[in-house]
Amino acid sequence: MPTLRPSAMWPLWRLVSLLALSQALPFEQRGFWDFTLDDGPFMMNDEEASGADTSGVLDPDSVTPTYSAMCPFGCHCHLRVVQCSDLGLKSVPKEISPDTTLLDLQNNDISELRKDDFKGLQHLYALVLVNNKISKIHEKAFSPLRKLQKLYISKNHLVEIPPNLPSSLVELRIHDNRIRKVPKGVFSGLRNMNCIEMGGNPLENSGFEPGAFDGLKLNYLRISEAKLTGIPKDLPETLNELHLDHNKIQAIELEDLLRYSKLYRLGLGHNQIRMIENGSLSFLPTLRELHLDNNKLARVPSGLPDLKLLQVVYLHSNNITKVGVNDFCPVGFGVKRAYYNGISLFNNPVPYWEVQPATFRCVTDRLAIQFGNYKK
């Protein structure tokens, strides 16, 4: 049986640790696994890394593999993990142990998921299909996967979201495909779904049918690197994190954020935003982090002093020419419940010597303010 290099196996051992923890603890978002990266096991929250503590976890080499005789040819099987990545596979291999909890099939040439490809894998927790050539999925392909919580099917050739996803699913990563439409009912019955990453698809605002997200209680949604020209109107109101960076959004109007009162992180960087209507941000009372960098704003958005929990604001690489003394901090004392620990204003045509020191009276440390480096 071939032995994989340690660097390739490390992400899987980290997820094995998570699998062990997940048997005893309820789901809690601290970060999400992503096997699309070659140089690290994680990606989430604007590239923040977050992982499980591996202290006390048994050395994988000291544990006897389960059902080792059933390991598909060329794959590496250990600790109920079956790793069949980078093998040039044209289809899902047979003879996969029924007690498998993680199946890694990334970086192959699989073009289709057939009806019985995952038959008998009722204990599967995570399925990794990243970077294949999948364009067709049988409507019952995922039916046996009654305990599946994590499905990573990014970087394929899908033109639609797969039908009949397992009701147990918690996390879906389907970015970098060819999806143009999100029809109503496609997420029906997914009451456990917490995170969807669907960036890198050619999605326009018109591609979301009314009611497409009905019934979902998402915590995290990313639709970055798409073709959005505005903030979608009908996303789940349960969202804590919404990332719409690298789109073509030009303005934020008053009603755009009305239903997203639970957001604590909003990513709108790398768009074409010129205008944020007065009062738009007042619907985000719990907001802690706001990304508006790399846009075309001419001034600091109004309403920031009223966001009592706001701690981080990215405004660099805009067209801001003036910063007022009350643009960030409320007037008076005891109003703001959390001081800023990050304000970025660099690469703006601001005459920084004219900015009054009192402008940043509610910042924890002056090192948290980033100025300068403007190039015309």
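None of these values were measured; they are calculated from a predicted model. Residue positions are given per chain, counting from 1 as you read along its sequence in written order. Totals for whole chains, interfaces and linings use every residue, but because this is a predicted model, local features are given only for residues with pLDDT of at least 70 and side-chain atom pairs only at 80 or more, for both listing and counting. For the side-chain quantities, the full set of heavy atoms in the structure was used; hydrogens and water were omitted.

**Digging into the overall build of the protein chain**
When helices and strands are counted, the protein chain shows 1 helix and 18 strands. For every residue, the accessible area obtained with a 1.4 Å probe (protein chains only) is divided by the maximum for its type, and the residue is called buried under 20%, exposed over 50%, and partly exposed between those limits. When the 376 residues of the protein chain are sorted by exposure, 52% land in the buried category. Contacts are residue-level and defined by heavy atoms, with any inter-residue pair within 4.5 Å sufficient. The contacts of the protein chain with a sequence gap of at least 6 include a subset with a gap of at least 24, amounting to 50%. In the form shown here, the protein chain has an accessible surface area of approximately 18,100 Å², with 49% of it arising from carbon and sulfur atoms. Secondary structure elements are defined from DSSP: runs of H or I of at least 4 residues count as helices, runs of E of at least 2 residues count as strands, and each element is numbered from the N terminus. Working definition of accessibility: Shrake-Rupley area with a 1.4 Å probe, residue cover restricted to the visible protein chains.

**Re the state of the cysteines**
The definition used for a disulfide is geometric: two cysteine sulfur atoms within 2.5 Å. Counting across every chain of the model gives 3 disulfides. Each disulfide pairs two cysteine sulfurs, and for cysteine 75 the partner residue is cysteine 84, the sulfurs being separated by 2.1 Å. Residues cysteine 75 and cysteine 84 are joined through a disulfide that is right-handed, its torsion about the S-S bond being 115°. Accessibility expressed as a relative area gives 1% for cysteine 75, which makes it buried. Each disulfide pairs two cysteine sulfurs, and for cysteine 329 the partner residue is cysteine 362, the sulfurs being separated by 1.9 Å. Its S-S torsion of about -85° marks the bond between cysteine 329 and cysteine 362 as left-handed, since a negative value means left-handed. Placement of cysteine 329 in the loop between strand E16 (312-314) and strand E17 (342-344) and of cysteine 362 in the loop between E17 and strand E18 (369-370) is noted, with a sequence separation of 33 residues between them.

**Describing the UniProt feature "domain: LRRNT" (unreviewed entry) in the protein chain**
If you check UniProt for "domain: LRRNT" (unreviewed entry), the listed places come out as residues 70-102 in our numbering. The span residues 70-102 is 0% helical and 21% strand by assignment, and the distance between its end C-alpha atoms comes to 15 Å. UniProt positions are given in the numbering used here, feature names are shortened, and annotations may be inferred rather than shown by experiment.

**Thoughts on the nonpolar core**
Here the nonpolar core consists of buried residues drawn from Ala, Val, Leu, Ile, Met, Phe, Trp, Tyr and Cys, with membership extended through side-chain atoms lying within 4.5 Å. Residues Leu113 and Phe328 are the most contacted members of the largest nonpolar core, which totals 90 residues. The contacts of phenylalanine 328, once residues within four sequence positions are left out, are Val300, Leu304, Pro305, Leu315, Val323, Tyr340, Ile343, Leu345, Thr359, Phe360 and Cys362.

**Here we look at the packing of aromatic side chains**
In this description, an aromatic ring pair is defined by two values, namely the gap between the centres and the angle between the planes. Aromatic rings from Phe, Tyr and Trp, taking only the six-membered ring of Trp, are treated as a pair when their centres fall within 6.5 Å; an angle between ring planes under 30 degrees marks them as stacked, one over 60 as edge-to-face, and anything in between as tilted. Counted according to the given criterion, the structure contains 7 aromatic pairs. Between phenylalanine 187 and phenylalanine 213, the aromatic rings sit 5.7 Å apart at their centres with planes inclined by 25°, giving stacked as the arrangement. Taken as a pair, phenylalanine 187 in the loop between strand E8 (171-173) and strand E9 (195-197) and phenylalanine 213 in the loop between E9 and strand E10 (220-222) lie far apart in primary sequence, 26 residues in all. Looking at phenylalanine 187, the relative accessible area reads 2%, which means it is buried. Ring geometry for tyrosine 352 and phenylalanine 371: centres 4.4 Å apart, planes at 40°, overall tilted.

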